[in-house]
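Coordinate analysis (summary)
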Amino acid sequence: MLLDDDALERSSVVANSAMNRDRALAGYDRELGLDIVAAAPARWLDLCCGSGRALLEAAPLLPRTRIVGVDLVDHFVTAARPPHLSLVTASLTTWTPDAPFDLITCVHGLHYIGDKLALLTRAASWLTETGTFAASFHAGGVKAPGRFGTVLREQGFEYDTRRRRVSLAGRRDVAFPYRYLGADDRSGPNYTGQPAVTSHYARRA
């Protein structure tokens, strides 16, 4: 049985996931190929930020960067946060930022999202015109008709199959040719070795 977003967010696979929850700042370079301190974006949004440890580590190194982290579960680090760092507990199916971002990242978070394509669509619209989106992405976690990698590229995304990364340069209005059917939280481990969520889609009529 496929789960809707509300049921999925109550799933133990999603709510209790420890995948990369305590990652350090170096993990963004390793997983996404990004040196965020060198890039020094004016505004950085981290989706599925886990405990926020990496963002807290980055804050003193990026004193002029507005840093926002969003995660479904409020298991954030308890250390004092500087004013330019915000950690938000919210569902990414409904949360919306109040301004565009120069950099949007998501390390291993999409594995636990139900409608992955909706989040990709929303994130693309949250970028500045010269902004960058980069995320860990496993195409095997999406069950959709046709050659999904080709569809991603047709919508302007770059997909690195070897490193399992998806990226986008600049704000874009995305319209995937699919409708979301629901998600399966029983599909087992993906390439990370951790249980993940498989998202199911049908082609739009």
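Predicted model only: the values in this text are computed from it and were never measured. (Residues numbered from 1 in each chain as written. Predicted model: local features only at pLDDT ≥ 70, side-chain atom pairs only at ≥ 80, totals over all residues. Heavy atoms only, no water.)

A word on the side chain of Arg 165
Its place among the elements puts Arg 165 in strand β8 (residues 165–169). Of the side chains bearing the opposite charge, Asp 160 lies closest to the buried Arg 165, which forms no salt bridge; the N-O distance is 5.0 Å. In terms of polar contacts, Arg 165 uses its side chain to reach the backbone carbonyl oxygen of Arg 30, at 3.3 Å. For Arg 165, the contacting residues outside a window of four places in its chain are Asp 29, Arg 30, Glu 31, Leu 32, Gly 33, Ala 135, Phe 137, Glu 158, Tyr 159 and Asp 160. (Helix = DSSP H or I, 4+ residues; strand = E, 2+ residues; numbered from the N terminus. Buried < 20%, exposed > 50% of the residue type's maximum accessible area, 1.4 Å probe, protein only. Lys, Arg positive; Asp, Glu negative; His and termini not counted. Salt bridge = Lys/Arg side-chain N within 4 Å of Asp/Glu carboxyl O. Polar contact = N/O pair within 3.5 Å; in protein donor to acceptor, adjacent residues only side chain to side chain. Contact = heavy atoms within 4.5 Å.)

Quick word on the packing of aromatic side chains
How two aromatic rings sit relative to each other is set out by the distance from centre to centre and by the angle between their planes. On inspection of all chains with the given rule, the structure shows nine aromatic pairs. Centre to centre, the rings of Phe 137 and Tyr 159 are 5.8 Å apart; their planes meet at 85°, and the pair counts as edge-to-face. Taken as a pair, Phe 137 in the loop between β5 (127–136) and β6 (142–143) and Tyr 159 in strand β7 (residues 158–160) lie far apart in primary sequence, 22 residues in all. Pair check on accessibility: Phe 137 and Tyr 159 agree, each one buried. Between Tyr 180 and Tyr 201, the ring centres sit 5.5 Å apart and the planes meet at 50°, which makes this aromatic pair tilted. Remark: Tyr 201 occurs in strand β10 (residues 198–203) and Tyr 180 occurs in strand β9 (residues 178–184); sequence separation between them is 21 residues. Judged by its relative accessible area of 23%, Tyr 180 is partly exposed. Pairwise contacts between aromatic rings join Phe 137, Phe 148, Tyr 159, Tyr 178, Tyr 180 and Tyr 201 into one cluster. Over the face of the ring belonging to Phe 101 we find Arg 43, whose NZ or CZ atom lies 4.3 Å from the ring centre. (Phe/Tyr/Trp six-rings, centres within 6.5 Å; stacked < 30°, edge-to-face > 60°. Lys NZ or Arg CZ within 6 Å of the ring centre and 35° of its normal.)

A look at helix α6 (residues 116–125)
All of the buried residues along α6 are Lys 116, Leu 117, Leu 119, Leu 120, Ala 123 and Ala 124. Projected onto a plane normal to the axis of α6, the buried residues spread over an arc of 160° and lie on a single side. (Arc of directions from axis to C-beta.)

Describing the nonpolar core
Membership of the largest hydrophobic core comes to 35 residues, with the highest contact counts inside it found for Leu 120, Phe 133 and Phe 157. Listing elements by their share of this core, those giving two or more residues are β1 (43–47), β2 (66–71), β4 (101–106), α6, β5, α7 (148–154) and β8. A per-element tally of this core places α6 first, with five residues. Excluding its chain neighbours within four sequence positions, the residues that come into contact with Phe 157 are Leu 120, Ala 124, Phe 133, Leu 152, Val 166, Ser 167, Leu 168, Val 174 and Phe 176. Counting residues in each nonpolar core, the second largest holds 19 residues, with Ile 36, Ala 54, Phe 76 and Ala 134 among its members. (Core = buried A, V, L, I, M, F, W, Y, C linked by side-chain atoms within 4.5 Å.)

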